[in-house]
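Residues per chain are reported as follows:
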Amino acid sequence: MKVLSTSMHAKIDYIAGIIFFASPWIFGFTESVPATWTVIAVAATALTMSLFTDYEGGIVRSIPMWAHLIVDLVSGALLAASPWLFGFAEQVYLPHLVMGLFEVSVGLLTSEQARGQNTDAVVDPQADGVNGSTY
């Protein structure tokens, strides 16, 4: 069930991106270089994707929403697993796990289309050239 609109997703993207960037200082894990740079890389990806996504929060609007959501799922899963993948789970793991699962959840719960946007082509069956007719 898609409960988040693309407009809400845009707001969440920018807020989460800023929180992700600040998280090494908020949660006090700046001494772990891999932990710090992993979350900063995910934050930079999220904010860059937001600027270029074709949704209400996008500036350039060149990335389709479906691609944005796939990147959210992949980067969220990577962030959640990163403490164990990159070997810093002994120093810190909970912020990465929670933020990663949050990003995956938001990606799974967001609609691919803005409300009211209809991507289905409407064809008039009586139009010239449709069904071989030429009136």
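The coordinates are above.
This report concerns the structure included in the present document. (Residues numbered from 1 in each chain as written. Predicted model: local features only at pLDDT ≥ 70, side-chain atom pairs only at ≥ 80, totals over all residues. Heavy atoms only, no water.)

Per the secondary structure count, the chain includes 4 helices and 0 strands. Reading the helices (α) and strands (β) of the chain from amino to carboxyl end gives α-α-α-α. Here the chain, with 135 residues, has 39% of them falling under the buried criterion. By sequence separation, contacts in the chain at least 24 residues apart represent 56% of the contacts at least 6 residues apart. Carbon together with sulfur atoms contributes 67% to the accessible area of the chain, which is approximately 7,900 Å² in total. (Helix = DSSP H or I, 4+ residues; strand = E, 2+ residues; numbered from the N terminus. Buried < 20%, exposed > 50% of the residue type's maximum accessible area, 1.4 Å probe, protein only. Contact = heavy atoms within 4.5 Å. Areas by Shrake-Rupley, 256 points an atom, 1.4 Å probe, with all protein chains shown as cover.)

A contiguous nonpolar surface patch, about 430 Å² in accessible area, is contributed by Met-1, Val-3, Leu-108 and Leu-109. Within the element layout of this structure, Leu-109 appears in helix α4 (residues 94–109). Residue class for Leu-109 comes out partly exposed when judged on its relative accessible area of 35%. (Patch = residues over 30% accessible without salt bridge, like charges linked within 9 Å, V, L, I, M, F, W, Y side chains within 5 Å. Salt bridge = Lys/Arg side-chain N within 4 Å of Asp/Glu carboxyl O.)

Counting 12 residues, the largest nonpolar core is built from Ala-16, Phe-20, Phe-29, Ala-35, Val-39, Ile-40, Val-42, Ala-43, Leu-79, Phe-88, Val-92 and Met-99. When contributions to this core are tallied by element, the ones reaching two or more residues are α1 (6–26) and α2 (33–52). The element contributing the most residues to this core is α2, with 5 residues. Apart from the residues lying within four places of it in its own chain, the contact partners of Ala-43 are Gly-17, Phe-20 and Phe-21. (Core = buried A, V, L, I, M, F, W, Y, C linked by side-chain atoms within 4.5 Å.)

Here we come to the packing of aromatic side chains. Tallying each qualifying case throughout the model produces 1 aromatic pair. Centre to centre, the rings of Trp-84 and Tyr-93 are 5.6 Å apart; their planes meet at 50°, and the pair counts as tilted. (Phe/Tyr/Trp six-rings, centres within 6.5 Å; stacked < 30°, edge-to-face > 60°.)

This part covers the packing of α1 against α2. Two elements in contact, α1 and α2, have axes whose closest approach is 8 Å; the angle formed by their N-to-C orientations is 160°. One element, α1, and the other, α2, form an angle in the roughly antiparallel class. Every pair of crossing elements has a handedness; the one defined by α1 and α2 is left-handed. Note on element contacts: α2 touches α1 through Thr-36, Val-39, Ile-40, Val-42, Ala-43, Ala-44, Leu-47, Ser-50 and Leu-51, opposite Asp-13, Tyr-14, Gly-17, Ile-18, Phe-20, Phe-21, Ser-23, Pro-24 and Trp-25. Class assignment of the residues belonging to the contact of α1 with α2 gives a composition of 13 nonpolar, 4 polar and 1 charged. (Axes fitted to C-alpha atoms, helices over the stretch in contact; angles between N-to-C directions. Parallel < 35°, antiparallel > 145°, perpendicular 65-115°, else oblique. Left-handed = near helix turned anticlockwise from the far one by under 90°. Nonpolar A, V, L, I, M, F, W, Y, C, P; charged D, E, K, R; others polar.)

What follows covers the environment of Tyr-14. One can find Tyr-14 in helix α1. As a C-alpha pair, Tyr-14 and Ser-50 span 36 residues in sequence and 7.2 Å in three-dimensional space.

Under the 1.5 Å per step criterion, the end-to-end length of α2 is 28 Å for 20 residues, consistent within 8% with the ideal 28 Å. Those residues of α2 that sit buried are Ala-35, Thr-36, Thr-38, Val-39, Ile-40, Val-42, Ala-43, Ala-46, Leu-47, Met-49 and Ser-50. (Expected span 1.5 Å × (residues − 1).)

Another point: the side chain of Ser-82. Residue placement: Ser-82 occurs in helix α3 (residues 65–85). Discounting chain neighbours no more than four positions away, the residues touching Ser-82 are Thr-38, Gly-87, Phe-88 and His-96.

From the geometry alone we can't say anything about function, so treat these as descriptive.
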